[in-house]
Amino acid sequence: MLNAFQEGVVVVVCVNLIAVLGMSVLTGFTRLFSFGNAGFMSIGAYTAAICSVQLRLPFPLAVLCGAAMAGFIAFLLGSLTIRLRGDYFLISCLGFGECVRVLFNYTKGLTGGANGYSGIPYRTTAAVAFFCAVLAFVIAWNFIHSKYGQSLSAIRENEVAAAANGIDVVRCKKMSFVFSAIYAGWAGGLYAHYLRHITPALFNLGKSSELIITTVLGGLGSLTGSVLGTLVVQLLPEFFRGLAEYRMLFYGIAVVLVILVRPAGLYGYREFSITGAVRFVRRLGKGDGQDG
Amino acid sequence: MADLLTLSNVSKAFGGVHAIDDFSLSLPEGAIQGLIGPNGAGKTTIFNTITGIYRADAGEIRFAGEDITAVQPHQAAQKGIARTFQNIRLFGNLSVLENVVIACNMHAGYHLADALLRLPAYRRAKAEAEEKARGFLEIVGLQDKAGERAASLPYGHQRKLEIARAMATGPRLLLLDEPAAGMNAEESRELVDFIFRLREQFAVTVLLIEHHMDVVTNLCERCTVLNFGRTLASGSMEEIRKNPEVVAAYLGGDEA
Ligand SMILES: Nc1ncnc2c1ncn2[C@@H]1O[C@H](COP(=O)(O)OP(=O)(O)OP(=O)(O)O)[C@@H](O)[C@H]1O
Ligand SMILES: [Mg+2]
């Protein structure tokens, strides 16, 4: 049905979408910035790979273990760092991500060190990746629209008022952090079973930045915005192959522009809906749609 | 009547500033009591200490017979203490309805698994919370604004929304920090009626900080006057108005 190139594009978009959705819950809805989510991706990827190769667990179970491990580590890390003020929290996540990378570099016996871990079976087909992405979106959507997700938005808007309305701010922030780590770990496990060979360098600070940039570009506080952001960030370089080397440069410029021109991102603080789109088009037709 | 809230010899200092100093207060269940005093007297600090935003340096706070001196803010809310803020604190980017729904969520009985899988318990509780929230919007007359962004409301409506949100947590005690600030005489009179109606309908006890003396006089049976973190006088409105110290320190100017 799809050729190898198309299959690869679908997998890469879907895998990144899962990680970005986690990031979106953490950054877009809770206003916590983490520059360490690639670290959770790599924990998920290595755990799933080892479960698959060494322990011979079936693929879904291996991916589940990867996600669970990432969530567990986030729970431990979050217990220590979640009370820190926003900027300190961000730095602690950045340090964590780099620690994980270096750790996997040095544990040669288990992870193959800098040369990477190979021999992972190919299991993440386009169909699997797409199914997981849809599932991830539905679960994130339900989460965000539940009292748990609403508590996160409340914390983002005003921590003091959130607490005064019965919301346990520390606990909710930790939940958001663990949620984003589980998603990153899920994405990592899938990615490992697509690439078949993973190295610690795949999940470096650049990858963490890319996740944040995608979330900001797509729009904070919007899951559909995150889908849009992922499509833009992952697909544009495929269409402009020659410019692939400059992609980080373009992302950087794009983010600066977005923050200056449209601080809420491409699609911030609202969700795409069919009825909304119809209304918008009607309004455009009447010629008074200037406020979009 | 039993006391719902008692503060005994509570103190709170910031560096060298004794914001509240050996302060005591008892609030009978069902009362509407005033807390007045000049700027910087420590009124808001008392609210912040009751609700766990600040931890008292000394003294004890009891609510419904329970020691709440060391509770966290969210625990104070869960025990039944709701409040509004002097400088309004809404969830600005969220809709008017969501602001109140979030307060209703405190009593929404479903678990994470129900939510992630959209089980019936979740859908039912969510619908209930929304309906309840609409009810509270109706009480403050904001039912037509449910879909608007909270931050886009005019100032007076924002104050009403904050009260609706506080009431939606189902409190036994409501702390209002200058609810009539920025209101004209007509709006202040409406506010007085509104607070009386709240007490009637929800049997809520009210402690109110207010600079508008007409509001305090019309609403409160009793009143505590604060100056430099200490109680200057406490008693019925009649006694307060006749107290020479109070007249000198506080009422002097605008009663003349
Ligand atoms: N977080 C804080 N840090 C330092 N000082 C504070 C803090 N909060 C209050 N204060 C000080 O405590 C004193 C009492 O302040 P508070 O806000 O309780 O007064 P208030 O009676 O509410 O006054 P107003 O009528 O102006 O609202 C003031 O001197 C204030 O500067
Ligand atoms: Mg004050």
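Rules and cut-offs
- Residues numbered from 1 in each chain as written.
- Chains lettered and ligands numbered in written order.
- Predicted model: local features only at pLDDT ≥ 70, side-chain atom pairs only at ≥ 80, totals over all residues.
- Heavy atoms only, no water.
- Donors = N, O, S within 2.8 Å, 3.2 Å for Na, K, Ca; no water.
- Helix = DSSP H or I, 4+ residues; strand = E, 2+ residues; numbered from the N terminus.
- Buried < 20%, exposed > 50% of the residue type's maximum accessible area, 1.4 Å probe, protein only.
- Salt bridge = Lys/Arg side-chain N within 4 Å of Asp/Glu carboxyl O.
- Near = heavy atom within 4 Å.
- Polar contact = N/O pair within 3.5 Å; in protein donor to acceptor, adjacent residues only side chain to side chain.
- Areas by Shrake-Rupley, 256 points an atom, 1.4 Å probe, with all protein chains shown as cover.
- Nonpolar A, V, L, I, M, F, W, Y, C, P; charged D, E, K, R; others polar.
- Contact = heavy atoms within 4.5 Å.
- Buried area = accessible area lost by both parts, 1.4 Å probe.
- Pairing = 2+ DSSP bridges.
- Axes fitted to C-alpha atoms, helices over the stretch in contact; angles between N-to-C directions.
- Domains from an automatic or database assignment.
- Expected span 1.5 Å × (residues − 1).
- Arc of directions from axis to C-beta.

## Thoughts on the coordination of the magnesium ion (ligand 2)
Residue and element names in this part refer to chain B.
- Within the protein, the atoms that donate to the magnesium ion (ligand 2) are Thr44 (OG1) and Gln86 (OE1), at distances of 1.9 to 2.1 Å. Taken together, the positions of Thr44 in helix α1 (residues 43-50) and Gln86 in the loop between β6 (81-83) and α3 (96-104) put the pair 42 residues apart, joining distant regions of the chain.
- For Thr44, a relative accessible area of 24% gives the class partly exposed.
- The partly exposed category is assigned to Gln86, whose relative accessible area is 34%.

## Observations regarding the pattern of salt bridges
All names here are of chain B.
- For the coordinates displayed, the defined rule picks out 14 salt bridges over all chains.
- Here Arg62 makes a salt bridge to Glu60, at a shortest N to O gap of 3.1 Å.
- The exposure class of Glu60 is partly exposed, given its relative accessible area of 29%.

## Thoughts on the site of ligand 1
Residue and element names in this part refer to chain B.
- Neighbouring residues of ligand 1: 14 residues in total, closest Gly40, Lys43, Thr44, Thr45 and Gln86.
- Tyr54 is positioned with one of its side-chain polar atoms (N or O) 2.9 Å from a nitrogen atom of ligand 1.
- Contacts to ligand 1 include Gln86, whose side-chain N or O atom sits 2.7 Å from an oxygen atom.
- Protein contact buries 64% of the 640 Å² of open area that ligand 1 shows by itself.
- Among the elements that make up the shell around ligand 1, the one with the highest residue count is α1 (three residues).
- The residue makeup of the shell around ligand 1, split by class, is five nonpolar, seven polar and two charged.

## Topic: the interface of chain B and chain A
- At the interface, 30 residues of chain B touch 24 residues of chain A.
- Where chain B abuts chain A, roughly 2300 Å² becomes buried across the two surfaces, and 58% of that area is made up of carbon and sulfur atoms.
- If you sort the residues of chain B by the area they bury against chain A, His74, Phe91 and Leu116 of chain B come out on top, with a joint share of 23%.
- Inspection of the region where chain B meets chain A yields zero salt bridges.

## Examining the sheet that holds strand β5 (residues 66-67) of chain B
Residues and elements named next belong to chain B.
- With respect to topology, four strands assemble into an open sheet ordered β2-β1-β4-β5, the strand pairing being antiparallel. Of all the strands in the sheet, the pair left with one neighbour each is β2 (17-28) and β5.
- Where strand β1 (residues 3-14) and β2 come together, eight bridges link them in antiparallel fashion. In the strand pairing of β2, Val10 is matched with Phe23.
- Docked against the sheet, α1 engages β1, β2 and β4 (58-63), running at close to 115° with respect to β1.

## Some points on the domain arrangement of chain B
Residues and elements named next belong to chain B.
- Here chain B is partitioned into domain 1 (1-80 + 171-256) and domain 2 (92-168).
- Each of domain 1 and domain 2 was reduced to a C-alpha centroid, and the two centroids are 27 Å apart.
- Summing the contributions of domain 1 and of domain 2, the shared interface buries around 1100 Å²; its carbon and sulfur component is 78%.
- The tally of links between domain 1 and domain 2 comes to zero salt bridges.
- On inspection of domain 1 and its partner domain 2, the count reaches zero residue pairs in polar contact (both at pLDDT 80 or more).

## As for helix α6 (residues 155-168) of chain B
- Here α6 of chain B spans 20 Å end to end across 14 residues, near enough to the 20 Å set by a 1.5 Å rise per residue.
- α6 of chain B sits mainly inside the fold: 10 of its 14 residues count as buried.
- Looking at the buried positions of α6 of chain B, the neighbouring elements they touch are α8 (159-164) of chain A together with β6, α3, α5 (120-139), β7 (173-177) and α7 (185-202) of chain B.
- Backbone geometry just downstream of α6 of chain B places Gly170 of chain B in the positive-phi region, at approximately 70°.

## Comments concerning helix α4 (residues 86-106) of chain A
Residues and elements named next belong to chain A.
- With 21 residues, α4 extends 31 Å between its outermost C-alpha atoms, agreeing within 8% with the 30 Å of an ideal straight helix rising 1.5 Å per residue.
- Among the residues of α4, those classed as buried are Phe89, Ser92, Cys93, Phe96, Gly97, Val100 and Phe104. The buried residues of α4 occupy one face: seen down the axis, they fall within an arc of 140°. Pointing more than 90 degrees away from the buried face of α4 are the exposed residues Tyr88, Ile91, Cys99 and Tyr106.

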